[in-house]
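Architecture and fold: a report
If you want the building blocks of each chain, they are given just below.
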Amino acid sequence: MYRLVVIDDEYIVVEGIKAMIGRQKLDYEVVGSAYDGIHGLDIIEKYKPDLVITDIRIPGMDGLSMIEAAKEVCPDTAFVVISGYTEFEYAQKALRLGVMGYIDKPISMEKLNAVLETVEKNCFRARREKNEYEENRRRQEKISKILEEGINGMLNENVEKFYRSAKEIFDELELLYPDDQELRREVYKYLCMLCDILQENRKDIPRNELVSFHEMEKCTEREQIRNYSQRIISDIGKYLEAEKTGSRHGTILELLAYIEQHYNEDIGLNELADMVQMSPAYLSVLFKSEVGMSYVKYLTNLRIEHAKEFLKEGRKVYEVSELVGYHHYRYFSDTFKKYVGQTPKAYTMQVWGRADKENPSDET
């Protein structure tokens, strides 16, 4: 909805334009009106409208002088002038001020529609395209930044950062490409790039085992594209977890990916065993054999590492305790000290370069 201001010293002209706009249900909202140039300038400065329709001959300040003053505070506002005058000096000044069109009196519906169509074509459409271009450019820059973080996560085997980056990029791509075919093409290019990066370190993984052009072609709707890409992202995450832990067992890879995304929930070994249809006893042995430590120790290490990252961000200790899955603050603090060698408070003080001595009372 475009904001419109109407300025004319004739009440019937102002009300007539308002009525025409309202009767035709045009994409305009009349946010203000005035009957002289001085008050008109105040209205323009107040509402910063998209379009002003003004008479040239108005009291207080003529229309062209008002436009000249308004351009200084509202450079993006478009102007249309109402005039029964065709003197060269008026036309010349109007052109210099960038007036978008003229309506001669008496004003009719046809004349109003014609000038509004001209404004839409020559001004609003160009402005909209410019805004869309700038928005797309900003979104491309944002995607590049997120992508860099995701690649960094892959190279450093930070699976959580990789997952977070992948989700954010897909969200941005959906906004950037409203057409499903374009979205599918760009998502496929993104997935192929991730697979190429993975293959730099894992030469034994053929790309066609991860992403398939033919499978992507079957995705004709956005939800299908999203689901397929999430599956590929999950598979890549499993390989990253494998690199981090040295595990190669398919079931363990699947569980590691699941644990990475649900580490802050109450996940017991029995629940994991049910997921993969194994006995808890066998899974316990397999997990320790593949990963090199028990499931409980692995989960605790994972939570503590995430806790350290949250503490580095400046979050409160009780908040971090909840974020990483510990609902009892004191138990979290004791576990953190056991694994890190210092309490969460002391760790935070050290990270932020403060005194090494901690006040025990601060821990409660």
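Residues numbered from 1 in each chain as written. Predicted model: local features only at pLDDT ≥ 70, side-chain atom pairs only at ≥ 80, totals over all residues. Heavy atoms only, no water.

All right, on to the overall build of the protein then. For the protein, the helix and strand inventory stands at 16 helices and five strands. The C-alpha atoms of the protein give 32 Å as radius of gyration, which overshoots the globular expectation for 364 residues (21 Å, by more than 25%). Overall, the C-alpha framework of the protein stretches about 95 × 60 × 35 Å when taken along its three principal axes. Counting over 364 residues, the protein shows a buried share of 44%. Residue pairs in contact within the protein that sit at least 24 positions apart in sequence constitute 62% of those at least 6 positions apart. Summing over all exposed atoms, the protein offers an accessible surface of approximately 20,100 Å²; the carbon and sulfur share of this is 49%. (Helix = DSSP H or I, 4+ residues; strand = E, 2+ residues; numbered from the N terminus. Rg over C-alpha atoms; globule rule 2.2 N^0.38 Å. Buried < 20%, exposed > 50% of the residue type's maximum accessible area, 1.4 Å probe, protein only. Contact = heavy atoms within 4.5 Å. Areas by Shrake-Rupley, 256 points an atom, 1.4 Å probe, with all protein chains shown as cover.)

Let us look at a negative patch on the surface. A cluster of acidic residues, Glu-265, Asp-266, Glu-271 and Asp-274, forms a negative patch on the protein surface. Within the secondary structure layout, Glu-265 lies in the loop between helix H10 (250-262) and helix H11 (269-276). On the accessibility criterion, Glu-265 (37% relative accessible area) is partly exposed. (Patch = residues over 30% accessible without salt bridge, like charges linked within 9 Å, V, L, I, M, F, W, Y side chains within 5 Å. Salt bridge = Lys/Arg side-chain N within 4 Å of Asp/Glu carboxyl O. Lys, Arg positive; Asp, Glu negative; His and termini not counted. Charge placed at Lys NZ, Arg CZ, Asp CG, Glu CD.)

This paragraph deals with the packing of helix H5 (residues 109-155) against helix H6 (residues 159-176). Interhelical geometry of H5 versus H6 gives an angle of 160 degrees and a closest axis separation of 8 Å. Accordingly, the angle class assigned to the pair H5 and H6 is roughly antiparallel. Here the hand of the crossing between H5 and H6 comes out left-handed. On the side of H5, the interface is formed by Asn-136, Arg-139, Gln-140, Lys-142, Ile-143, Ile-146, Leu-147, Glu-149, Gly-150, Asn-152, Gly-153 and Met-154, while H6 contributes Lys-161, Phe-162, Ser-165, Glu-168, Ile-169, Glu-172, Leu-173, Leu-175 and Leu-176. (Axes fitted to C-alpha atoms, helices over the stretch in contact; angles between N-to-C directions. Parallel < 35°, antiparallel > 145°, perpendicular 65-115°, else oblique. Left-handed = near helix turned anticlockwise from the far one by under 90°.)

With that settled, the discussion passes to unusual backbone geometry. In this chain, Lys-105 is followed by Pro-106 through a cis amide linkage whose omega measures -5 degrees. With respect to the element layout, Pro-106 can be found in the loop between strand S5 (101-103) and H5. In this model, Lys-25 sits at a positive phi of 55 degrees, which is unusual for a non-glycine residue. If you trace the backbone, Lys-25 turns up in the loop between helix H1 (11-24) and strand S2 (28-34).

So, about helix H2 (residues 37-47). For H2, every residue scored as buried is listed here: Gly-37, Gly-40, Leu-41, Ile-43 and Ile-44. Summarising the axial view, the buried residues of H2 lie within an arc of 160 degrees, below the 170-degree limit, and thus occupy one face. Close packing links the buried residues of H2 with strand S1 (2-7), S2, strand S3 (51-55), helix H3 (63-73) and strand S4 (78-82). N-capping of H2 is provided by Asp-36, with a side-chain oxygen placed 3.1 Å from the backbone N of Ile-38. Directly beyond the C-terminal end of H2, a positive phi value near 45 degrees is found at Lys-48. (Arc of directions from axis to C-beta. Polar contact = N/O pair within 3.5 Å; in protein donor to acceptor, adjacent residues only side chain to side chain.)

The next subject is the packing of aromatic side chains. Going through the model one piece at a time under the given rule, you end up with twelve aromatic pairs. For the pair Tyr-326 and Tyr-331, a centre-to-centre distance of 5.7 Å together with 55 degrees between the ring planes defines the contact as tilted. On the accessibility criterion, Tyr-331 (53% relative accessible area) is exposed. Taken together, the ring pairs in this structure connect Tyr-326, Tyr-331, Phe-332, Phe-336 and Tyr-347 into an aromatic cluster. Between Arg-303 and the ring centre of Tyr-326, over which it is positioned, the NZ or CZ distance is 5.1 Å. (Phe/Tyr/Trp six-rings, centres within 6.5 Å; stacked < 30°, edge-to-face > 60°. Lys NZ or Arg CZ within 6 Å of the ring centre and 35° of its normal.)

This next bit is on the environment of Tyr-331. Here Tyr-331 shows up in helix H15 (residues 329-340). The spatial distance from the C-alpha of Tyr-331 to the C-alpha of Glu-29 is 61 Å, given a sequence separation of 302 residues.

Among the structural elements, Glu-120 can be located in helix H5. In this structure the side chain of Glu-120 is engaged in a polar contact, spanning 3.1 Å, whose partner is the side chain of Tyr-2. A distance of 2.9 Å separates the side chain of Glu-120 from the side chain of Arg-128, its partner in a polar contact. Setting aside chain neighbours within four positions, we find Glu-120 in contact with Tyr-2, Arg-125 and Arg-128.

Pairing in this open sheet of five strands is parallel, and the strands run S2-S1-S3-S4-S5 from one edge to the other. Lying at the two open borders of the sheet, with one neighbouring strand each, are S2 and S5. Neighbour-to-neighbour, the strand axes of the sheet open up by a mean angle of 25 degrees, direction not taken into account. Across five bridges, S3 lies against S4 in parallel orientation. Counterpart to Leu-51 in the pairing with S4 is Ala-78. Set on the sheet, H1 makes contact with S1, S2, S3 and S4; between it and S2 the angle comes to about 170 degrees. Together, S1, S2, S3, S4 and S5 form the strand contacts of H5, whose direction differs from that of S4 by roughly 160 degrees. (Pairing = 2+ DSSP bridges.)

Honestly, it's all geometry; don't read function into it.
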